[in-house]
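Inside the fold
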Amino acid sequence: MKIAICIKQVPDSWAEKKMAGGVLDRAGVDAVLNDLDEYAVEEALRIVEANSPTKEAGEGSGHTITLISMGPERATEAIRKALSMGADDAILVTDPSLAGSDALATSLVLSEVIKKGNYDLVICGTESTDARMSVIPAMISQRLGWAQLTFAGKVAVNPAANTVEIERVTEFGNQVMSAKFPAVLSVVEKINEPRYPSFKGIMAAKKKPITNMSLADTGVGASDVGAAAAWSNVKDALPRPPRGAGVKLTDEGNGGEKLVEFLVEKRLA
Amino acid sequence: MSEVLFLADHSAGKITKAAGELATYAKSIGDSVAVVFADNAQPIVDQLNAFPVDKVITIAGEFDKYGPAAIADGLAQLLTDRKPAAVLITSTANGKEIAARASVITGSGIITDAVNVDKDLITTQSVFGGSTTVHATVTKGVPIITLRANSIEATGATSSAAVETFAATISEAAKLAPITSSTPVVKGGS
């Protein structure tokens, strides 16, 4: 099998995030591999390990795991992390004209890169911890015309039959869905426990190839990406006003009722 | 007045609480038009009439079998046909995927997880754990906006919405991953 994983470098979840000119200021904060993408990497590794004669990913497994990312050169840090977990190689699309791209442009670029790779499966996290839209897997599936198997809490791959079955986990309950390759998957965070990179993995990752692609290499036109091509426009982004004083409820034997009234008023109940 | 469509979610024959909220948003912008994907839509229509709804468009077909990909197909065809002022969808896993695919199909901009949308279709989003408030608009195609549940109090009404049917087809690509079994969510309490 050829598996691709879409990964993104994001600002550290714990860092204070600021907006600059309608977009997230990415330069001023620590950048890490999107937490939720680690589950995608782990799941790909487990799929390969389960179907490898050596019970390991990498050379000799007969399968490959390629990371695909779009971002600045700095995103190689996040890529190395995923490589150290066990992915084989990576493609990074870097181009100044991509700055400010919306989800539609991002999904277009990723789809064009995926098309070139003859992959059986594309696996994504459910969302990035910065934009939190969770639309990229669905957009990629739509653009490629591949089966959409998203929000998977369980994945079962049958490489001999070229089929994959998932259990989709959503607010409306669980659904079992299945499809033939090629398919686009997204995995929820309860699907597995991502491994920590081993020392051997970290050393090996330094030698694994990262292919750099420009926008022109992907075949996408510069007029289709970047802030100017975005199909939505941020009018303003304002920091939260300082918190006002809270409400004190005095318990005069009816504290519970007062609390419930407060929660209902704030639409929290 | 221009039409504002909203996708009326329903599960096991009952509309969700968020459906009434979307009706309320839609009515504050223009004519409130509910879109219902169901083979037996009348019970859904009856429930929607408890909210400000001017019209209901029902779409029948194998949408339960093929899930969000199929619903996105149907919605996209409806958007192309009616060219509404906007379409509102609840910010759920399903809703955001339907929005995402419909956005690609129709070439329309998308805004997700809004906590408000005003009469000029300016959305409010609360991002980075609530530390930043963003106001934004869609600039291309039919604005596709997903709204978080519980961001508005639904207005009650006694509507008698006109019901129309719309015929939509499901593409081969949207049929690639059929749902083979379903388990409804088990909720504790209440």
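Definitions and cut-offs
- Residues numbered from 1 in each chain as written.
- Chains lettered and ligands numbered in written order.
- Predicted model: local features only at pLDDT ≥ 70, side-chain atom pairs only at ≥ 80, totals over all residues.
- Heavy atoms only, no water.
- Helix = DSSP H or I, 4+ residues; strand = E, 2+ residues; numbered from the N terminus.
- Polar contact = N/O pair within 3.5 Å; in protein donor to acceptor, adjacent residues only side chain to side chain.
- Contact = heavy atoms within 4.5 Å.
- Core = buried A, V, L, I, M, F, W, Y, C linked by side-chain atoms within 4.5 Å.
- Buried < 20%, exposed > 50% of the residue type's maximum accessible area, 1.4 Å probe, protein only.
- Phe/Tyr/Trp six-rings, centres within 6.5 Å; stacked < 30°, edge-to-face > 60°.
- Lys NZ or Arg CZ within 6 Å of the ring centre and 35° of its normal.
- Pairing = 2+ DSSP bridges.
- Axes fitted to C-alpha atoms, helices over the stretch in contact; angles between N-to-C directions.
- Buried area = accessible area lost by both parts, 1.4 Å probe.
- Salt bridge = Lys/Arg side-chain N within 4 Å of Asp/Glu carboxyl O.
- pLDDT = per-residue confidence, 0-100.
- Expected span 1.5 Å × (residues − 1).
- 1 Å grid on protein atoms, 1.4 Å probe; cavity = no way out; pocket = protein on both sides within 12 Å on 5 of 7 lines; lining within 4 Å.
- Points joined across faces, edges and corners; volume = space filled by probe spheres on them.
- Nonpolar A, V, L, I, M, F, W, Y, C, P; charged D, E, K, R; others polar.
- Patch = residues over 30% accessible without salt bridge, like charges linked within 9 Å, V, L, I, M, F, W, Y side chains within 5 Å.
- Areas by Shrake-Rupley, 256 points an atom, 1.4 Å probe, with all protein chains shown as cover.

Bringing the side chain of T112 of chain B into the picture now. When you line up the elements, T112 of chain B lands in strand β7 (residues 110-117). A distance of 3.3 Å separates polar atoms of two side chains, one belonging to T112 of chain B and the other to D113 of chain B. In this structure T112 of chain B touches M133 and V135 of chain A together with S91, K96, Q125 and T146 of chain B, once residues within four positions along its chain are discounted.

Counting residues in each nonpolar core, the largest one holds 45 residues, and the members touching the most others are I3, I5, L67, L149, V155, V164 and L185 of chain A. Sequence-distant contacts of V155 of chain A, that is, excluding residues within four places in its chain, are made with E43, I47, V164, E165, I166, L185, V187 and I191 of chain A. Of all hydrophobic cores here, the second largest spans 36 residues; its members include I57, A69, I89 and I170 of chain B.

For the structure on display, the rule yields 1 aromatic pair over all chains. Measuring from centroid to centroid gives 4.7 Å for F37 of chain B and F63 of chain B, while their planes differ by 70°, and the two rings are edge-to-face. Residue F37 of chain B is found in strand β4 (residues 31-37), and its partner F63 of chain B is found in helix α3 (residues 63-82); the two are separated by 26 residues along the sequence. Accessibility classification places F37 of chain B together with F63 of chain B in one group, the buried group. The ring of W231 of chain A is capped by K140 of chain B, whose NZ or CZ atom sits 3.9 Å from the centre of that ring.

Attention shifts here to the sheet that holds β7 of chain B. Taken in spatial order, the 10 strands of this open sheet run β14(A)-β9(B)-β8(B)-β7(B)-β10(B)-β6(B)-β1(B)-β4(B)-β5(B)-β11(B), and their pairing is mixed. The strands lining the two open edges of the sheet, one partner per strand, are β14 (232-239) of chain A together with β11 (162-165) of chain B. Ignoring strand direction, the axes of neighbouring strands in this sheet form an average angle of 35°. Pairing of strand β1 (residues 3-7) of chain B with strand β6 (residues 86-90) of chain B, which is carried by 3 bridges, proceeds in the parallel orientation.

For the rest of this paragraph, the subject is the interface of chain B and chain A. Across the contact, 52 residues belong to chain B and 45 residues belong to chain A. Buried area between chain B and chain A, summed over both chains or domains, comes out near 4,100 Å², and the portion from carbon and sulfur atoms is 56%. Contact with chain A buries area across many residues of chain B, yet E97, R101 and F128 of chain B alone supply 16% of it, more than any other trio. Where chain B packs against chain A, one counts 1 salt bridge.

Counting all residues, the mean pLDDT for chain B is 94, and 97% of those residues have values of 70 or more. Across the predicted assembly, pTM comes out at 0.91 and ipTM at 0.93.

Across its 13 residues, helix α3 (residues 103-115) of chain A extends 18 Å between first and last C-alpha, which sits within 8% of the 18 Å expected from 1.5 Å per residue. When you tally the buried positions in α3 of chain A, you get 12 out of 13 residues, the bulk of the element.

So, about the layout of surface pockets. The gaps of empty space that remain are located by a probe, the size of a water molecule, rolled over the atoms. Within this model, the second largest pocket holds a volume of roughly 1,300 Å³. Contributing to the lining of the second largest pocket are 38 residues, with F172 of chain A together with H10, S11, A12 and T16 of chain B lying nearest its centre. Sorting the residues of the lining of the second largest pocket by element identifies β2 (10-11), β3 (14-15), α1 (17-29), α3, α4 (93-106) and β12 (179-183) of chain B as the ones contributing at least two each. Residue composition of the lining of the second largest pocket, grouped by class: 17 nonpolar, 12 polar and 9 charged.

Here the focus is a nonpolar patch on the surface. Residues and elements named next belong to chain A. Taken together, the side chains of V247, L249, L259, L263 and L268 make up a nonpolar region of the molecular surface, amounting to roughly 460 Å² of accessible area. Along the chain, L249 falls in the loop between β14 and α7 (255-265). For L249, a relative accessible area of 40% corresponds to the partly exposed category.

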